[in-house]
Every structure is written in C-alpha cells, then in structure tokens.
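Structural features, examined
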Amino acid sequence: MSKPNDELFKNVISHAKEYGFVFPSSEIYDGLSAVYDYGQNGVELKNNIKTYWWKAMVQLNENIVGLDSAIFMHPKIWKASGHVDGFSDPMIDNKDSNKRYRADQLLEDKIDRYDKDGKTDKAEQLQHDMDEALKNDDLPRLKELIIAHEIADPVSGTRNWTDVRQFNLMFSTQMGAVADDADLVYLRPETAQGIFVNYLNVQKSGRMKIPFGIAQIGKAFRNEVIARQFIIRMREFEQMEMQFFVRPGTQKEWFEHWKAMRLKWHLALGTGPEKYRYHEHTKLAHYADAAFDIEYEFPFGFKEVEGIHSRTDFDLSQHQKFSGKKLQYFDPEINQNYVPYVIETSIGLDRMFLLTLINAYVEEDLSTEEKQDSRVVLRLHPCLAPVKAAIFPLTKKDGLPEKAREIMDKLKINFNLQYEEKDAIGKRYRRQDAIGTPFCITVDHQTLEDNTVTIRHRDTMKQERVDAGQLENIIGGLVSWKNLLSL
Ligand code: GAP
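Bear in mind the structure is a predicted one, so any value in this text is a computation, not a measurement. (Residues numbered from 1 in each chain as written. Predicted model: local features only at pLDDT ≥ 70, side-chain atom pairs only at ≥ 80, totals over all residues. Heavy atoms only, no water.)

Quick look at the packing of helix α2 (residues 40–59) against helix α12 (residues 349–360)
This is how the line gets drawn: In this analysis an axis means a line fitted to C-alpha atoms, helices contributing only their contacting stretch, and an angle means the value between N-to-C directions, from 0 to 180 degrees. Counting from the N terminus, the helices are DSSP H or I runs at least four residues long and the strands are E runs at least two residues long. Roughly parallel means an angle under 35 degrees; roughly antiparallel means over 145; roughly perpendicular covers 65 to 115; every other angle is labelled oblique. For this analysis, residues touch if any pair of their heavy atoms sits within 4.5 Å. Basically, the charged four are Asp, Glu, Lys and Arg, the nonpolar ten are Ala, Val, Leu, Ile, Met, Phe, Trp, Tyr, Cys and Pro, and anything else, Gly included, counts as polar.
Relative to each other, α2 and α12 sit at 110°, their axes nearing to 10 Å. For the element pair α2 / α12, the angle class is roughly perpendicular. Side by side, α2 and α12 meet where G42, L45, K46, I49 and K50 of the first sit next to L349, D350, M352, F353, T356 and L357 of the second. Residues belonging to the contact of α2 with α12 are distributed by class as follows: six nonpolar, two polar and three charged.

Things to note about the site of the ligand
Quick note on the threshold: Here a residue is near a molecule or strand as soon as one of its heavy atoms is found within 4 Å of it. Here a polar contact is taken to be a pair of N or O atoms separated by no more than 3.5 Å, where protein atoms must pair a possible hydrogen donor with a possible acceptor and residues adjacent in sequence count only if both atoms sit in side chains. Each accessible area is a Shrake-Rupley result for a 1.4 Å probe, and residues are judged covered by the shown protein chains and nothing else.
Surveying the vicinity of the ligand reveals 20 residues, the closest of which are E190, M234, E241, E304 and V305. Here a nitrogen atom of the ligand and a backbone polar atom of M234 are 2.8 Å apart. Here an oxygen atom of the ligand sits 3.1 Å away from a polar atom, N or O, in the main chain of G348. Look at the ligand: alone it shows 550 Å² of surface, and the protein chains cover 92% of it. Elements supplying a minimum of two residues to the shell around the ligand: β10 (236–246), β13 (301–312) and β16 (341–348). Broken down by element, the shell around the ligand gets its largest block of residues, five residues, from β13. The residue makeup of the shell around the ligand, split by class, is six nonpolar, four polar and 10 charged.

Regarding α12
Applicable threshold: Helix span, expected: 1.5 Å multiplied by one less than the number of residues in the helix. When accessible area is computed with a 1.4 Å probe and restricted to protein chains, residues below 20% of their type maximum are described as buried, those above 50% as exposed, and intermediate ones as partly exposed.
When the terminal C-alpha atoms of α12 are compared, their 16 Å separation across 12 residues agrees well with the 16 Å that a helix rising 1.5 Å per residue should span. In terms of burial, α12 is a largely internal element, 11 of the 12 residues being buried. All of the buried residues in α12 are L349, D350, R351, M352, F353, L354, L355, T356, L357, I358 and A360.

Focus on helix α7 (residues 139–148)
Condition: Summarising the geometry, the arc corresponds to the directions from the helix axis toward the C-beta atoms.
Within the sequence span of α7, burial applies to L139, L142, L145 and I146. An end-on view of α7 places all buried positions within 115° of arc, on one side of the element. Among the exposed residues of α7, those oriented more than 90 degrees off its buried face are P140 and A148. Elements in contact with the buried residues of α7: β4 (88–93), α5 (103–116), α6 (120–135) and β6 (165–168).

Topic: unusual backbone geometry
Residue P211 follows I210 across a cis peptide bond; omega there is 5°. Position of P211 relative to the elements: it lies in the loop between α9 (199–205) and β9 (212–221). Positive phi, normally seen in glycine, also occurs at D30, with a value near 75°. Mapped onto the elements of the fold, D30 is located in the loop between β1 (22–24) and β2 (36–38).

Structural notes on the packing of α5 against α6
Formally: Less than a right angle of anticlockwise turn of the near helix away from the far helix marks a crossing as left-handed, whereas a clockwise turn marks it as right-handed.
Relative orientation of the contacting elements α5 and α6 amounts to 165°, with a least axis distance of 8 Å. The angle between the axes of α5 and α6 places the two elements in the roughly antiparallel class. For the crossing formed where α5 meets α6, the hand is left-handed. Residue-level inspection shows D104, L107, E108, K110, I111, Y114 and D115 of α5 in contact with α6, the latter providing T120, K122, A123, L126, Q127, M130 and L134.

Thoughts on the domain arrangement of the chain
Counted only if it meets this: Here the bounds of each domain stem from an automatic or database domain assignment. By buried area we mean the combined loss of accessible area, with a 1.4 Å probe, across both parts when two parts are placed together.
By domain assignment, the chain separates into domain 1 (5–73 + 186–357), domain 2 (88–168) and domain 3 (383–485). Averaged C-alpha coordinates put domain 1 and domain 2 at centres separated by 29 Å. Residue-level contacts link eight residues of domain 1 with 11 residues of domain 2. When the two sides are added together, the surface that domain 1 and domain 2 hide from each other amounts to roughly 760 Å², 58% of it contributed by carbon and sulfur. Three residues, V225, I226 and K283, lead the burial of domain 1 against domain 2; their summed loss comes to 58% of the area buried on that side. In this assembly, domain 1 and domain 2 are joined by zero residue pairs in polar contact (both at pLDDT 80 or more). Residues of the side of domain 1 that touches domain 2, tallied by class, amount to two nonpolar, two polar and four charged.

So this is what it looks like as structure tokens:
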C-alpha cells in the first residue's frame, strides 16, 4: 500500500467519525472488534443508498417485489443450504501466541510482501499454489505453503503452527428457556435464504410469473476471524440481495443481464469506470455454476463490493428435500412443472457506503496569493447526500432567524435540512461541505425586502440569488431520483 493511499484511508476513517458517519461500536467500553455504529449523517447516507438500490431493483422492475424476512429462521434451513457443513474459513493457530489466523490471509499478506519487494515471480507462484489448494480444499497443502514460505506469526514471531482446520462462520444462540440442542438457532449469515423459503408464498400471493425477482435488505452476521479495513469486513453487516427466479436453461442470459445491470447501477453514480472491474470466481461456492464479483479500487486495492451468482436450483431443491414441501413452479407457457433456477445479485451495503465515502472525499487546496485556505468536501451525488440543504440567517438578529425558519418550515417536509446560525458564514459553509450538503441557502436583509436568498453550490462554490419561492423546484430538481435512475 503506498503512503498517500494509506493516509487518505486514515483521513476518511477519522472524517467519518468526526462528522457523525461511523463510530466504533461500544466505544466507551473500548469498542467491540469489527462492529460499528452509524451516526446521524451515516444513517442518512445509508438510507439513501438503500433507497437508490430499492428504487432501481423493485420500483423500476414490474417483475421484482420486496420482502422483509426474519433474522431467526428454522435451523434446518442452514443445514439444507450447506452453511452448517460448508460455510467456513481455513484457520491456523500459532502455538506460542495462541492467536488464530485465516490461512489464506497469511498467504495473501506474504504475496503482497513479495510484490512490494519486487519478487513478482515468487508472488505469482504463491498465488497460483494457494488458489489451487483452496480450489481443492487441500488444507495440508495450505500449511505446507505457510511453512515453505517461512511465514511467522506477527505476534510471537515464531513458526510454531497447528494444522489448518475449517472454522464455521455462523453465530449461534439458544431459542427458548431450555438450553438443549433442539433450540439452537443461527443468526443468518446471508439474507438470501429468507427469500428462498418464502419464494412460493410470494409467487402465489403476488401471482408472479417467471421470470421474477424478490429483493431484500437486511442484517447478516458472520464470525469473521480476521476483522480489518474498517467496515469492509464486519461481524454484523447489511446486505441488499435479489434472487431472480428463471426457467432452467435461461440462466446464462439472465446472468449476463444482471451482471451488466448491476455495474450500470454503480457507474450511474458518476464513479470513473476505471475504478471498477469484474472478477470471475475460480473457486465456486457450493451452490453456484457461475459467479462474478464487481470490485472497486479502494485505497488498499481492488476489493469485492457485490457478487452476481448463478445459483442453479441448488437452494430450492435442497429446501424441497429438507422440508418435504414441493417448491415447484407451474410454467403455463411450456405446460411444465419445475424447480426454478436462480440468479442472485448480492451487494454489501456497508462496503457500498465506504466506497461512496472514499469516492466523495476530497481535500481541496483553495489558497490564493493573498491567503492560505483549504477545505474537505464530500462530493456526494445530491441524491445520496445526508442533508440536502442548509439554511443560514446571515446574522442572529433583525428578524433573519425567523425568516430563515419560515423558509425552512416550508421545505423540510420534502427535504432533510439543517438550520445553522452559529459562526461566520464561511465556517458554516465548511461544516456543510464536510458532510456533503449540496446547497447552502443564506437569508439576509435583502430577503426581508424582496423574498430572495442566495444559494451556494457545494462543488463550484458559486452563489446565485434566487426567489425563495423557487427553492422547492431548484433543490427538488437537483436531488431528484430521476437524475440517477433514468438509466
Ligand atoms: N448470498 C450470497 C452472499 O452472501 P457473499 O459474497 O458472501 O455472498 C455478498 O456476500 C456481499 O456481502 C459481498 O460482496 C460483500 O459486499 C458483503 N459482505 C460479505 N461479508 C461481509 C462482511 N463480513 N462485512 C461486510 N460486508 C460483507
């Protein structure tokens, strides 16, 4: 990782905390590892990202509907889905420090080190050997690689390793008062299974015809052993998932369709296409016959933000088998019953949040010959900005606060606004720039005479004088979802 990127990332994390976007969870108790809380601006930004996704997936597609299924589900669901037996990471312990590591992560760190030291051949060879071992679930081979490449525990400094073992990522808890095995329930590690087990309920009650989709936004939980890179890998996080049910044999074309549509959704936010890339999975999950990730170039390298998976009929067939209930669809067009195939789009809301924040964060030097000046501005798309406009009375007297409040009261039904009267206007602009507010509206003495205000634009810092009666239209036009969703 190069220094400037390292620094940029650190600055974004501290900015997120200073301006009420993301706080470490339980901070007054020294935090809880890999768990975070969203503050007053974070929750608005997160809600706006959810709205953008929901509108693009549900509102704009007649054949996609929403769902909000419970986090707790029957434990057999996780047996059927393969998560009880197969949802695990290869772990290794150091016998001296008693610290546990993901074996593939130790190897990836070594690959990074080889790259940094200019040992490209060694890096490529190790990458290839690791990929092969992971593909074949060859745990002894992973240990061999760790030993052969002389990887030491960063804590103890020794190479006294245990064997590599699989470690299940699901959290479990007890349901009911009596603690016995029958009451064991899991916190869902993905929202998708809630969609699968409700697929017939939705299909029948909504009279849905294949192809159709079910979309859901909700929390998921994974006992990630390696928690790092801020909100990239959390133990409690949110997913926005859509399962698209199709006729068997048509999955390839729908896979291509959703792969393209999802990248388009990302790019509509104005992010440079060079910041994104597709990554094809070499090791497919137990349920998939094709899988691509959409990756974004974070300051620490390209990382997965969203997965597009062709899940075949695996999940529905498994639930049919484990529940003993038929989950078939009668297709009137071909007069046949079948278990539908599924294309899944699965995006991590928290990763999307971080991507949005990093992408928007700019440190600007505004110095002139006369004076030094700078600002930090979040160039968020106006639709995603937590606060759409800030209203400032120029001074705290002469009836200006009353007039500003009067204007605000008319606008606040449609827009999330902030009122500020403390400090000089310049300072107030900077505070709003830092949270990405697209417009600042100043009420001055002229406003009392002719009902005009100044509106100052975040990105250009240009100001114009407009009739206060026009504000609804001006702000409404610039923050309209039409700007993002007319794909
Ligand atoms: N239903 C399919 C599924 O869950 P996944 O690739 O494991 O697939 C989908 O997860 C997305 O969820 C990822 O692309 C990522 O954005 C997000 N995600 C996964 N694990 C995460 C974690 N521990 N913390 C934050 N986001 C995570």
